[in-house]
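Residue-level listing of the chains:
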Amino acid sequence: MSLGVCYFPEHWPSERWATDVEQMAEAGLEYVRMAEFSWARVEPERGEFDFAWLDEAVELVGDHGMDAVLCTPTATPPKWLVDEHPDIRQADADGTPREWGSRRFTCFNSPTYREETERIVREMTARYADDPHVVGWQADNEYGCHRTVRCYCEDCAAAFREWLESTYGDVETLNEAWGNTFWSQQYPDFESVDPPGPTPAEHHPSRLLDYYRFANDSVVEYNRLHADLIREANDDWFVTHNFMGDFPTLDAYSLADDLDFLGWDSYPTGFVQDRRPGAPTTDELRAGDPDEIGMNHDVYRGAKRAPFWVLEQQPGDVNWPPHVPQPGEGAMRLWAHHAVAHGADAVLYFRWRRCREGQEQYHAGLRKQDGSPDRGYHDAAATAPELFDLAPVDAPVALLHDYESLWATETQPHSPDWHYWSHLRAYYDALRARGVQVDVVPPSTGLDGYAAAVAPTLYLAGEGLADHLTAFVENGGHLLLGARTGEKDPYNQLHETLAPGPLADLAGARVARHESLPEQFDTAVDYRGGAYEFRTWAGWLDPTTAETRGRYRSGEAADEPAVVHDGAGDGTVTTVGCWPGAGLADALVEDLLAAAGVAHTAPFPDGVRAAERDGYTWVTNFTSEPRSLAVPADAAFVVGDDTVGAYDVAVVESPLDAVGLEQY
Amino acid sequence: MSLGVCYFPEHWPSERWATDVEQMAEAGLEYVRMAEFSWARVEPERGEFDFAWLDEAVELVGDHGMDAVLCTPTATPPKWLVDEHPDIRQADADGTPREWGSRRFTCFNSPTYREETERIVREMTARYADDPHVVGWQADNEYGCHRTVRCYCEDCAAAFREWLESTYGDVETLNEAWGNTFWSQQYPDFESVDPPGPTPAEHHPSRLLDYYRFANDSVVEYNRLHADLIREANDDWFVTHNFMGDFPTLDAYSLADDLDFLGWDSYPTGFVQDRRPGAPTTDELRAGDPDEIGMNHDVYRGAKRAPFWVLEQQPGDVNWPPHVPQPGEGAMRLWAHHAVAHGADAVLYFRWRRCREGQEQYHAGLRKQDGSPDRGYHDAAATAPELFDLAPVDAPVALLHDYESLWATETQPHSPDWHYWSHLRAYYDALRARGVQVDVVPPSTGLDGYAAAVAPTLYLAGEGLADHLTAFVENGGHLLLGARTGEKDPYNQLHETLAPGPLADLAGARVARHESLPEQFDTAVDYRGGAYEFRTWAGWLDPTTAETRGRYRSGEAADEPAVVHDGAGDGTVTTVGCWPGAGLADALVEDLLAAAGVAHTAPFPDGVRAAERDGYTWVTNFTSEPRSLAVPADAAFVVGDDTVGAYDVAVVESPLDAVGLEQY
Amino acid sequence: MSLGVCYFPEHWPSERWATDVEQMAEAGLEYVRMAEFSWARVEPERGEFDFAWLDEAVELVGDHGMDAVLCTPTATPPKWLVDEHPDIRQADADGTPREWGSRRFTCFNSPTYREETERIVREMTARYADDPHVVGWQADNEYGCHRTVRCYCEDCAAAFREWLESTYGDVETLNEAWGNTFWSQQYPDFESVDPPGPTPAEHHPSRLLDYYRFANDSVVEYNRLHADLIREANDDWFVTHNFMGDFPTLDAYSLADDLDFLGWDSYPTGFVQDRRPGAPTTDELRAGDPDEIGMNHDVYRGAKRAPFWVLEQQPGDVNWPPHVPQPGEGAMRLWAHHAVAHGADAVLYFRWRRCREGQEQYHAGLRKQDGSPDRGYHDAAATAPELFDLAPVDAPVALLHDYESLWATETQPHSPDWHYWSHLRAYYDALRARGVQVDVVPPSTGLDGYAAAVAPTLYLAGEGLADHLTAFVENGGHLLLGARTGEKDPYNQLHETLAPGPLADLAGARVARHESLPEQFDTAVDYRGGAYEFRTWAGWLDPTTAETRGRYRSGEAADEPAVVHDGAGDGTVTTVGCWPGAGLADALVEDLLAAAGVAHTAPFPDGVRAAERDGYTWVTNFTSEPRSLAVPADAAFVVGDDTVGAYDVAVVESPLDAVGLEQY
Ligand SMILES: [Mg+2]
Ligand SMILES: [Mg+2]
Ligand SMILES: [Mg+2]
Ligand SMILES: [Zn+2]
Ligand SMILES: [Zn+2]
Ligand SMILES: [Zn+2]
């Protein structure tokens, strides 16, 4: 388990580099990521390459016993290239080109840009193919950031038509699959299909879903181009990419096969402000939300069921969230330990030093722009000696997450309060409050190793999924199906039968009807003798073989079944019609874990989380309130002790279910 | 009085049609509306027509003793047509074309699209000209929905210039009428006039008003094209159109001459969420607002002072409002009775069956997508046998509503809280709370049959209007003039004299000045010895011959006249300077009804409404609270009884003013 | 000290003009501003000029003993001109042209429009070069209103490239100055630089800042064209321009050299609603905020350290704010006196008469549209005899305001609550609450005459500024430096050293780190033994030679220095790390005034302000609550008396610091 840092030597006088690199090594860092946005520095004019600076930087890194990770610089092509080939720019839905002057504005489908990408990647990888200090590559940077997965340019229009033809074969099949009789939307041929432009009313949801799939596939192809070229140059190199948090438009799982491991960029105090409904607490503004960070760790770990890297870890105050309080004292250390508990192999702080230039001047580094250490440097230096080698995380529970279901519910959310990620979080948070490690995996994942699986919203469901989940349950798995599961077929049409469509036999129930409810309604469910709140969505269940375990308390849904339970083979399946509040989610999860025999703790309070990896249990405190731990008398603390202060962490050699809070 | 349904056989296998139609007949439905968006089904390639499916559906309908209403399918031209003629698309003000892929994106002024319209309408009407089961046609669908009345394309620019030339004759007259000396806006010739594009500051209000008029006239012409072609094929057919609720950009009255009766599409639980300021109550989210629905009934009835149809009636949960709670139990029955009480001859539920495809998958039908009955089906079947034949509504009061005044106040609202429809509603709701039937009519309507008239905002006022209203009063009519009446001349200029301009002699008063007041001010008027709240607008009245009956209580307006009263001939006129709250509106209306000798009830509470038609009185309860009725001992209930439950209705053979609530 | 009015004779029949002008003279008005938007009236067709109407109007004005001020009519070119030369239109960043139909849509850099401007200005100035009644000119109208300083058209692109080349000489210098290594933003040559268009992520802040500077310089050049032509025609004429309130995009100081005095347009009850964070009070909705108006007076006075004119003074209710309550009784008199107290030489009401036509129908005049007097007329007539001649204001304190710092902080505000003007106001309001006259001046101003200077945010700081301020302090000046001062160099890069960069020696401190804090945090500073609130920004100070006088109380910043104090030569410098609340600002200002020996009062309450000019002290009451004054027994009131009613004013012959409120 290692720490590292992202470094941009090109931003500083070369005289300074030796000092910088020496200070990195002194802090115990082991990886240095470089060259990320360096195209114009590497190739200032077409065909004129300058690698001397990067050679020197790599050499310095190696000389100090560290490894270099390089990046393909394709997120920021030079101005001369865009002026030569303006066709490489993406376009908005109304045709407006996305201009040069920030980053990630080039089209994934542009033949020209793919050629240029190949040219620069070949050049760079050839340069370092034999360099012993370079251990691997990050392809590009944050694919799709700033809403750029989906492009509406002419190249994309042509590629979309090809994609459709290769997917459907003939246009009648497309018309049938999408359901184009509605509003006279039948296409005469593939040539007549366009990307979805500005229309007076909403678009056909099947057309949108396939455009989202196509756009995603374009990124997969573009990434594969990088991966192939990198491996062609040196087969020992690893290839990774830095994904983003709670990211809605790119299916991280779909790139997993082309990467050796996945990486992501973790900015805890920003995420609580800009990608989650609801106002953050002051504690969250200081340290973030451990379950928001944790679920992203578990997505990128789950993608390959293998360790991941944090390729960018928030180092202090950053530039892009609305508000930027200083992180809590020690938070930069806390985040690194928390990542390791969730299965990270390496955590690289972004960036080494605050940059004097350009868009990110208000983004801290481990060191300030004058070279002096900032708070992150002290935290990193304190953390490095605390890390030690660990086996991968072994999670007993799978959370089934499906990007296509996310995209499809976005086309028809049916409530302004519908938010796919937040609905997943209802179950995820309940599992994590009880200390359970969770693999967040695509629904097609083999489920053999898991005792239980939670499927909050498998909105798109075909026969294959039904068979897959039925086999899991019949073999003894315990499954929880949540709201809006099975509402649609894989083409974003309603099933001929009521939801959950092909999953109805497994569930032993159908959804008789549904409603979305704004906040002014009282919404509660009776379950296990208590009243529990729910929100936003009420599916009225109609059990066939299932037993009713929960009913709605009021409104038009009063007395309708809300939670039903059935068995199949050696396993069980629980179906939930509503979006549970925290209390109901905990009750449902507790019952599921008990049925599946999964070890867990009593619920930890918000902001405090436990997790076990390789026989050690981490307790991470993301709050400003110190906590006292109760652990077995003979348990050894390898980090901290039984008092976990504000923004502090303890690591104890003990199984998870022996750990709790002393008083809470 | 009949029920019906909207049916799309093309969305379902033909094997199912017989079952569907049989179930319609079983429920007591009498009309089936079809073919609404069927162009691509009817003409899959240019000149290749396929009517077999529709022939069969019409035949089935007729075989089961029902009548078919067909629709011209011009709201959704096929993709092949748009690809052939991209010039038929509308354009936004900045020139962006409105793309194919939803509906209603074609330009009303496109010569190409008019030709294509003529072609398809001739083809379809010829096909069914001799079919005994087809009784009439709906032209197109919801003209102008999704903000499409106003288009800014080149065809519209040319047509606008012609419209102006034919309206004004020479450009000097235009410059004078609009007042183009302001900011050097004189035009050298008609050719130099453009549709209003994107400008740094606001547009000339007279230019905007005429563009809105022109756009409206374009729809009138386009509708007339349909009506003429339909009648040309079969003169016995009726022609109607399905208008929308609280719709701001199309003057429904202006199409009335070309239609046999008007229809509209009523979605009560959606309207309370998306076209009205203020948050809905939970009761409104379950059943809608009876006065919002009622005023629309009365607009479309008032357009011809004749019965209307509800061409689309909400059948359950629908797809487009922000939130979609299930309607209250029985609401689908309640809405049908309420429509009949307001003068509907027929109510057609939209749609028969939830569609599996496309944009409206979350729109319920009377039956679910699997064919099983939904709540609406039970409500419809319960309602059908309760309906019986009735004479048209005979309303004693006219509410004068002027779309051009709506458009003109939108150009210069002078307050973010100004909302033309809501201001109308202040008076309408007060009249309806006292059970009075109200014709909502254009100001030019002959007023002979009315005892009283309320003119909330006749903003644009010329000499003709003054003569018309003066004659009404002198002949014994009782008139109430509301805020902002007569502020402008018909070209959206201020009059040379103070408001109400040419109506000042009739009012016996002028508006000395006005102010718009945000919520933080205390705003009240002294009237009849009490203090009544008002909102948003204060016109300070200056009586000449009128008597002051109300004065402002506070602020800069303190002691200025707010309500004045005058007489002329046998009638009276009351002028109100402010936007009354509910209490003041009730007091003003009570005084008006008393003066005019109009029968009325004590005020019913919000959500409960009475209405008389043909000697019967309906009490409709749009709330979740049951109500006990007080009626004459010998009054016979033909529907329900003296306990009107939640979302329930009673119909009693009794005059209106003998009906009340037992306890309230 | 004089009153005047803005008059548009072209809006009225010529028969009326004599009456209008006579009534102006009767009210005691001395200036009549005309011809402001008259181009199409003056030149209805190319080359066909009609000046007869304006000749007559000027003559009438002169005959009644008043002076005419004329305007170049270039804010509203005629339609025929735009149709001839559509290239004169500005463009939005996405290329959409700004269309004719309102005003100020023409490009300042268009060679065509500059030619046309020269043509019309030559024609008009030649016409009146020898007219004894015309005393001066206003160039154009409100440069940049409706967000039009910044244009993105092709002419601007070309001009920007030239501007850059002339600023930087070679592109390497540009790349270095901006810091273009970041994200590969190096330019190969000047030709490759574009105006900042629509990009997925944010723009380079240095590129933005220079585009804002360039756009500002374009207005300076365009104004100079007017000024030169006017003076060429008649060197005795004055040249001025009517600037706007709290205006963010145009540096008023940069036009000062080309104007004889600055004018501005004051609309107090609108400003409190549309250009200031926070909801206005009811008093502010009636009379405005004296410090918002006052700071603008002091900016336009400060630009030349000389008297200014109010070229447009709100006359009553106006058309453009969201809400339009009637101004408080007497407010139009109050505003005129308040302007005089702040150094105005003349106050011209806008407009004479409410216009029947076009966009401003809801803008009152001194008289109504029917010619009768409105409230403003009575106020103006009451004010005129109360005015008398006065020496210019002699302000003891300078507030250093830098438009480039405003622009630069806008590129990286780092908090949604950052608002440059509001931060200035924190200090300005505190100074004005104690009656102190304040020159709001650019930082380069010679500071010799000032006892103290307050620099709230000199964000961009170079060595020259450091030398300038150090000299001021060493010569005995007392300086206060506020939050975010010296964060950047003049090219919008961070300094190599920590803030305040080159000002650190003077401050005796550096900013160790900073944070922006949303409202949910408790934020307070200990100062002078008390706890004082601050908001939004916390710079953690690190004193070198300075003494710590205030520390943060809580959060991560607890105990870090927030206010430090140092001396240099005969002066002192106080550095403040946070945005002070009203209490802290008063404490800081009180200490500064004491150190500098500046006369001041006890704090006046919000809405009540005192100011001294030429030995007289004005007390202006912008509230609805009457106030009793305490003045020296022998002090003579020249306006009012010791009871200042609602929206009233008193002027007493007394020094400022002898005046206070009797009870408060
Ligand atoms: Mg500890
Ligand atoms: Mg009953
Ligand atoms: Mg007085
Ligand atoms: Zn593309
Ligand atoms: Zn058009
Ligand atoms: Zn331009």
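Residues numbered from 1 in each chain as written. Chains lettered and ligands numbered in written order. Predicted model: local features only at pLDDT ≥ 70, side-chain atom pairs only at ≥ 80, totals over all residues. Heavy atoms only, no water.

What counts is decided by this rule: UniProt positions are given in the numbering used here, feature names are shortened, and annotations may be inferred rather than shown by experiment.
Per an unreviewed UniProt entry, chain A goes by beta-galactosidase and derives from Haloarcula rubra. In the Sequence similarities (unreviewed entry) part of its UniProt record, chain A is described as follows: "Belongs to the glycosyl hydrolase 42 family."

## A word on the interface of chain A and chain C
Frequently, the measure chosen for interface size is the accessible area that the parts lose on association. Put simply, the rule is: Contacts are assigned to residue pairs that have any heavy atoms within 4.5 Å of one another. Summed over both partners, the accessible area lost on bringing two parts together, with a 1.4 Å probe, is the buried area. Here a salt bridge means any side-chain nitrogen of Lys or Arg lying within 4 Å of a carboxyl oxygen belonging to Asp or Glu. Secondary structure elements follow DSSP: runs of H or I no shorter than four residues count as helices, runs of E no shorter than two count as strands, and numbering proceeds from the N terminus. Each residue receives one of three labels: charged for Asp, Glu, Lys and Arg, nonpolar for Ala, Val, Leu, Ile, Met, Phe, Trp, Tyr, Cys and Pro, and polar for the others, Gly being one of them.
Contacts between chain A and chain C engage 56 residues on the former and 53 residues on the latter. Buried area between chain A and chain C, both sides added, is near 4,600 Å², and the carbon and sulfur share of it is 55%. Taken as a group, A:Arg356, A:Gln359 and A:Tyr362 account for 18% of the area that chain A buries against chain C, more than any other trio of residues on that side. For the interface between chain A and chain C, the tally reads 5 salt bridges. In this structure, A:Asp374 and C:Arg513 form a salt bridge, with 2.6 Å as the shortest nitrogen-oxygen distance. For the side of chain A that touches chain C, the elements supplying multiple residues, two or more each, are helix H2 (39-42), helix H4 (79-84) and helix H10 (282-287) of chain A. Tallied by class, residues from the side of chain A that touches chain C come to 19 nonpolar, 17 polar and 20 charged.

## So, the pattern of salt bridges
A pair can form between side chains of opposite charge whenever their charged atoms are brought close. Residue and element names in this part refer to chain A. To be explicit about the condition: Whether a residue is buried, partly exposed or exposed follows from its accessible area with a 1.4 Å probe, protein chains only, as a fraction of its type maximum: under 20%, in between, or over 50%, in that order.
Considering all chains together, one arrives at 157 salt bridges over all chains under this definition. Ionic pairing is found between Asp92 and Arg98, a salt bridge with its closest N-O pair at 2.7 Å. Note that Arg351 and Glu360 form a salt bridge whose closest N and O atoms lie 2.7 Å from each other. Across the pair, exposure class does not vary: Arg351 and Glu360 are buried alike. Members of the salt-bridge network, linked through shared partners, are Glu43, Arg46, Glu84, Glu116 and Arg119.

## Let's talk about the interface of chain B and chain A
Listed per partner, the contact involves 56 residues of chain B and 53 residues of chain A. Taken over both partners, the interface formed by chain B and chain A buries close to 4,600 Å², and the fraction arising from carbon and sulfur atoms is 55%. For the chain B face of the interface with chain A, the top three residues by lost area are B:Arg356, B:Gln359 and B:Tyr362, together amounting to 18%. Across the chain B-chain A interface, the total number found is 6 salt bridges. For the salt bridge of B:Lys79 with A:Asp194, the shortest nitrogen-to-oxygen distance reads 3.0 Å.

## Structural notes on the coordination of the zinc ion (ligand 6)
All names here are of chain C. As a reminder of what qualifies: Any nitrogen, oxygen or sulfur atom within 2.8 Å of a metal ion counts as a donor, with the limit raised to 3.2 Å for Na, K and Ca, and since water is left out, coordination shells can look unfinished. For a four-donor site, all angles between 85 and 135 degrees give tetrahedral; for four or six donors, opposite pairs above 155 degrees with the remaining angles between 65 and 115 give square planar or octahedral; all remaining cases count as irregular.
Around the zinc ion (ligand 6), the protein contributes the donor atoms Cys107 (SG), Cys151 (SG), Cys153 (SG) and Cys156 (SG), which lie 2.2 to 2.3 Å from the metal centre. For the zinc ion (ligand 6), the 4 donor atoms are set out with angles of 95 to 124 degrees between them, so the coordination reads as tetrahedral. Coordination of the zinc ion (ligand 6) draws on donor residues from a single chain, spaced C-x43-C-x1-C-x2-C in sequence. Taken together, the positions of Cys107 in the loop between helix H4 (79-84) and helix H5 (111-128) and Cys153 in the loop between strand E4 (134-138) and helix H6 (154-168) put the pair 46 residues apart, joining distant regions of the chain. Both residues of the pair, Cys107 and Cys153, belong to the buried class.

## Quick word on the domain arrangement of chain A
All names here are of chain A. Basically, it comes down to this: As used throughout, domain bounds are those supplied by an automatic or database domain assignment. Here a polar contact means two N or O atoms within 3.5 Å. Within protein one must be a hydrogen donor candidate and the other an acceptor candidate, and residues neighboring in sequence count only if both atoms are side-chain atoms.
One can read the domain layout of chain A as domain 1 (397-596) and domain 2 (608-661). Between the C-alpha centres of domain 1 and domain 2 there is a distance of 32 Å. Each partner contributes to the interface: domain 1 provides 7 residues, whereas domain 2 provides 5 residues. Taken over both partners, the interface formed by domain 1 and domain 2 buries close to 440 Å², and the fraction arising from carbon and sulfur atoms is 46%. For domain 1, the biggest contributors to the area lost against domain 2 are Arg432, Gly435 and Gln437; these three give 77% of the whole. Counting across the interface, domain 1 meets domain 2 through 0 salt bridges. Counting across the domain 1 and domain 2 interface gives 2 residue pairs in polar contact (both at pLDDT 80 or more). For the side of domain 1 that touches domain 2, the class distribution of residues is 2 nonpolar, 2 polar and 3 charged.

## With respect to the pairing of strand E13 (residues 478-481) of chain B
All names here are of chain B. Rules: Any two strands between which DSSP finds at least two bridges are classified as paired. Crossovers are described as right-handed under a simple rule: with the strands pointing away from the observer, the path leading from the first strand over the helix to the second runs clockwise.
Covered by surrounding structure in E13 are His478 and Leu480 together with Leu479 and Leu481, the residues of both alternating faces. Examined bridge by bridge, strand E12 (residues 452-455) and E13 share 4 bridges and lie parallel to one another. Note on E13: the bridge partner recorded for Ala453 is Leu479. On the question of chirality, the crossover connecting E12 to the parallel E13 by way of helix H16 (residues 463-474) is right-handed. The pairing of E13 with strand E19 (residues 571-576) spans 4 bridges and is classified as parallel.

## Some details on the sheet that holds strand E25 (residues 643-644) of chain C
Within a sheet, neighbouring strands are paired by backbone hydrogen bonds and run either parallel or antiparallel to one another. Residue and element names in this part refer to chain C. Strand order across the open sheet formed by 3 strands is E25-E23-E27, with antiparallel pairing between neighbours. Every interior strand has two partners, whereas the edge strands, E25 and strand E27 (660-661), have only one. Alignment of strand E23 (residues 627-630) against E27, held across 2 bridges, turns out to be antiparallel. If you follow Leu629 over to E27, its bridge partner there is Leu661.

## Overview of the environment of B:Asp586
Residues and elements named next belong to chain B. When you line up the elements, Asp586 lands in helix H18 (residues 582-596). Considering only alpha carbons, one finds Asp586 and Glu357, 229 residues apart in sequence, at a separation of 48 Å. In this structure the side chain of Asp586 is engaged in a polar contact, spanning 2.7 Å, whose partner is the side chain of Arg434.

## Points about the packing of aromatic side chains
To be explicit about the condition: Pairing of aromatic rings covers Phe, Tyr and the six-membered ring of Trp, with a centre-to-centre limit of 6.5 Å; geometry is then stacked below 30 degrees between planes, edge-to-face above 60, and tilted otherwise. Only when the NZ of Lys or the CZ of Arg is both within 6 Å of the ring centre and within 35 degrees of the ring normal is a charge said to sit over the ring.
Scanning the entire structure with this criterion turns up 120 aromatic pairs over all chains. On the numbers, 5.9 Å between centres and 25 degrees between planes, the contact of B:Trp264 with B:Tyr300 is stacked. One end of the pair, B:Trp264, is in strand E7 (residues 263-266); the other, B:Tyr300, is in helix H11 (residues 290-302), with 36 residues separating them in the sequence. By relative accessible area, B:Tyr300 is classed as buried at 2%. An aromatic cluster of three or more residues is present, and its members are A:Phe243, A:Trp264, A:Tyr267, A:Phe271, A:Tyr300 and A:Trp320. The side chain of A:Arg150 reaches across the aromatic face of A:Tyr212, ending 3.4 Å from its centre. The aromatic ring of B:Trp418 is capped on one face by B:Arg484, whose charged end is 4.9 Å from the ring centroid.

## Examining the relation of the copies chain B and chain A
To keep it simple, the criterion reads: A least-squares fit on C-alpha atoms brings the copies together, and the residues used are those whose pLDDT is at least 70 in both copies.
Here chain B sits on chain A after a turn of 120 degrees about the axis and a move of 0.0 Å along it, with an RMSD of 0.0 Å. Within this description, the copies of the chain are treated as partners about a three-fold rotation axis. Minimal C-alpha separation from the rotation axis in chain B is found for B:Thr96, amounting to 5.9 Å.

## Examining the environment of A:Ala610
All names here are of chain A. Mapped onto the elements, Ala610 comes out in strand E21 (residues 608-613). The class for Ala610 is buried, based on a relative accessible area of 1%. In this structure, the C-alpha to C-alpha distance between Ala610 and Ala650, residues 40 residues apart in sequence, is 9.6 Å. Setting aside anything within four residues of it in sequence, one finds Ala610 in contact with Arg432, Gly435, Phe604, Thr617, Trp618, Val619 and Leu656.

## Notes on the UniProt feature "domain: Beta-galactosidase trimerisation" (unreviewed entry) in chain A
Per the UniProt entry, the sites bearing "domain: Beta-galactosidase trimerisation" (unreviewed entry) are residues 395-598 of chain A in this numbering. With 26% helix and 32% strand, the stretch residues 395-598 of chain A has end C-alpha atoms that lie 10 Å from each other.

## Some details on the pairing of strand E8 (residues 308-313) of chain C
Residues and elements named next belong to chain C. Within E8, 6 of the 6 residues are buried, which leaves it mostly tucked inside the rest of the structure. Note that strand E7 (residues 263-266) and E8 share 4 bridges and pair parallel. Its bridge partner lying in E8, Gly263 is registered against Trp309. With 4 bridges joining them, E8 and strand E9 (residues 344-349) adopt parallel strand pairing. Of the residues in E9, the one forming a bridge with Phe308 is Ala344. Once you follow E8 into helix H12 (residues 331-341) and on to E9, the crossover reads as right-handed.

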